[in-house]
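Chain by chain, the residues:
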Amino acid sequence: MLLLAAGALAVSAGLTGGTHARTLTSAQRYAAFDWMAHWYPMAWTRDLPVDRPTRVTLFDDDYAVVLRSDGQPPLALRDACPHRLAALSEGRLTEQGFLQCAYHGWAFDDSGACKAIPQLPAGGSLASACTRAATAVVSQGILWLHPAPRGTAPLPEVPRVPEMDDDRYKWSPAVRDLPIDYSLLVENILDPDHGLFAHQLPAFDLYSASPDAPQRVTVRAVEDEAEDEAAAFAIESRVAAWAKLTRRQAESAGSTAVRTAYAAASADTPQLEASSTFRPPAVIVSCRRDGAGASSFLTCFFLSPTGVGRTRFMAAGGGRGPP
């Protein structure tokens, strides 16, 4: 799925790092990838109301999620009351912390158990009247959802971007729901050659490759005590962060406009390295790093396959200010 710039490509074959990497080949790891065993970003928490349900969607399944003001983890239930299939996201959070259906008042706790049916004597309930619950957490300003049934253990760690914990960086989050298949969107984000033409932005050229600046791609294991050996890997591309296509155009065309674009795209010092890292299924980070691995600006993408031909696209640009 990692479709990067055309041109010279130096690929480091196989997985690197960790005992898991030594027991599985790349092909085996890809084949064993379980889409239902990972965290998915659902929303920026700044966009969610507190103590009120919101509908989110993953793999064509709707969930009612609630950010709670009492410090408890977010509630996440299948967005359908088992009584008459009314949307629980249209309901309300009760004083007891239950999600109450707006149709007949049935109420459910965060495990999906039915805790109250008003029509029964003394507010009784039915043990069989439960709904499916998932696990949700908040991390780095994002509400993440794991589609495995609540109580499944152990769950993997939520993916993190280290720079998002650094107070020196200022972030500008965005979100769009796109009528585009998830696989096409991943390919698009990881394809720098389209940026010069589709977006008319010379800076994309810093991530492209050429015969004298080959792109190096590695696949490495992501170690996590809670994950099995087939669970996690990351794909990373690296290339010298200087202009290639615009440089070649400038040299052949002699256009003033093209030379100006080349100069702008080549403003960074040549020792910077442009990298894009994809940790399937949800996180892509693109940036230019110096020899010490530091970056002054990152673009982070958080993707969720909401359904067939539909993807939630969340992004954040982060710039580091002065010390």
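Presented here is a report on the structure given in the accompanying data block. (Residues numbered from 1 in each chain as written. Predicted model: local features only at pLDDT ≥ 70, side-chain atom pairs only at ≥ 80, totals over all residues. Heavy atoms only, no water.)

## Examining the overall build of the chain
Basically, it comes down to this: Every helix listed is a DSSP run of H or I at least four residues long, and every strand listed is a run of E at least two residues long, numbered separately from the N terminus. Here the term buried applies to any residue with accessible area under 20% of the maximum for its type, exposed to any over 50%, and partly exposed to those in between, with areas from a 1.4 Å probe on protein chains only. Residue contacts are counted whenever heavy atoms from the two residues lie within 4.5 Å of one another.
Within the chain, the secondary structure is distributed over 6 helices and 18 strands. Looking at the chain as a whole, 46% of its 323 residues qualify as buried. Considering only residue pairs separated by 6 or more positions, the chain has 57% of its internal contacts joining residues 24 or more positions apart.

## As for the sheet that holds strand β5 (residues 75–78)
The condition that has to hold: Whether two strands pair depends on DSSP finding at least two bridges between them. To get an axis, a line is fitted to the C-alpha atoms, and for a helix only the part in contact is used. The angle between two axes follows their N-to-C directions and goes from 0 to 180 degrees.
Strand order in this open sheet of 3 strands is β3-β4-β5, and the pairing throughout is antiparallel. Sheet topology places β3 (54–58) and β5 at the edges, where each strand pairs with a single neighbour. The sheet shows a mean angle of 35° between the axes of neighbouring strands, direction not considered. Of the strand pairs in this sheet, strand β4 (residues 61–66) and β5 are connected by 4 bridges, and their pairing is antiparallel. If you follow V66 over to β5, its bridge partner there is L75.

## A word on the sheet that holds strand β6 (residues 92–93)
The strand order across the open sheet built from 4 strands is β6-β7-β8-β9, with neighbouring strands paired in antiparallel fashion. Every interior strand has two partners, whereas the edge strands, β6 and β9 (114–116), have only one. As paired strands, β6 and strand β7 (residues 99–100) are joined by 2 bridges and run antiparallel to one another. Within the sheet, the bridge partner assigned to R92 lies in β7 and is Q100.

## Some remarks on the packing of aromatic side chains
Each aromatic ring pair is described using two quantities: the centre-to-centre distance and the angle formed by the ring planes. Here is the rule we go by: To pair, rings of Phe, Tyr and Trp, with the six-membered ring standing in for Trp, must have centres within 6.5 Å; the planes then decide the type, stacked if under 30 degrees apart, edge-to-face if over 60, and tilted in the middle. Throughout this description, the term charge over a ring refers to an Arg CZ or Lys NZ atom that lies within 6 Å of the ring centre and within 35 degrees of the ring normal.
Going through the model one piece at a time under the given rule, you end up with 8 aromatic pairs. For the ring pair W44 and F302, a centre distance of 5.8 Å and an interplane angle of 85° mean the geometry is edge-to-face. Of this pair, W44 sits in strand β2 (residues 40–44) while F302 is found in strand β17 (residues 297–307), placing the two residues 258 residues apart along the sequence. The pair formed by W44 and F302 is uniform in burial state, with each residue classed as buried. A centroid spacing of 6.0 Å and a plane angle of 25° characterise the contact between Y169 and W171, whose relative ring orientation is stacked. Look at Y169 and you get buried, because its relative accessible area is 6%. Judged by its relative accessible area of 22%, W171 is partly exposed. Clustering of aromatic rings is evident, with ring pairs tying together F33, W35, Y182 and F233. Here the guanidinium or amino end of K244 rests over the ring plane of W242, the centre of that ring lying 5.5 Å away.

## Let's talk about the pattern of salt bridges
Charged atoms that come close allow side chains of opposite charge to pair. What counts, and what does not: A carboxyl oxygen of Asp or Glu within 4 Å of a side-chain nitrogen of Lys or Arg is what we treat as a salt bridge.
For the structure on display, the rule yields 13 salt bridges. One salt bridge in this structure joins R46 and D47, with 3.7 Å as the shortest N-O distance. Exposure remark for R46: the relative accessible area of 57% places this residue in the exposed category. Salt bridges linked by common partners bring R216, E236, R238 and E273 together as one network.

## Things to note about helix α3 (residues 182–189)
The test is simple: It is the directions from the helix axis to the C-beta atoms whose arc is reported.
Every buried residue belonging to α3 is among Y182, L185, V186 and I189, and all of these are buried. Buried residues of α3 fall within an arc of 100° about the axis and therefore sit on the same side. Those residues of α3 that are buried are in contact with β12 (169–178), β15 (273–279), β16 (283–289), β17 and β18 (310–320).

## Section: unusual backbone geometry
Here the amide bond leading from A153 into P154 is cis, since omega sits at -5°, within 30 degrees of zero. Its location among the elements puts P154 in the loop between β11 (142–146) and β12. Cis peptide bonds are those with omega within 30 degrees of zero, and the linkage from P280 to P281 qualifies with 5°. Residue placement: P281 occurs in the loop between β15 and β16.

## A short note on the side chain of R68
Basically, it comes down to this: Here a polar contact means two N or O atoms within 3.5 Å. Within protein one must be a hydrogen donor candidate and the other an acceptor candidate, and residues neighboring in sequence count only if both atoms are side-chain atoms.
Locating R68 in the fold gives a position in the loop between β4 and β5. Only 2.8 Å separates the side chain of R68 from the backbone oxygen of P73, close enough to count as a polar contact. Ignoring anything within four residues of it in the chain, the contact list for R68 reads V50, D51, P73, P74, L75, L93, G97 and D110.

## Notes on the pairing of β11
A large share of β11 lies buried, amounting to 5 of its 5 residues. Neither face of β11 is exposed, since I142, W144 and H146 on one face and L143 and L145 on the opposite face are all buried. Inspection of the sheet shows β2 paired to β11 by 4 bridges, in the antiparallel sense. Bridge pairing in β11 links Y40 to L145. Sheet topology places strand β10 (residues 135–139) next to β11; 5 bridges connect them, and they run antiparallel. From the neighbouring strand, A136 faces β11, where its bridge partner is L145. The loop that links β10 with its antiparallel partner β11 comprises 2 residues; one of these, Q140, has a positive phi angle of about 55°.

Interpretation in functional terms is not warranted from these geometric data alone.
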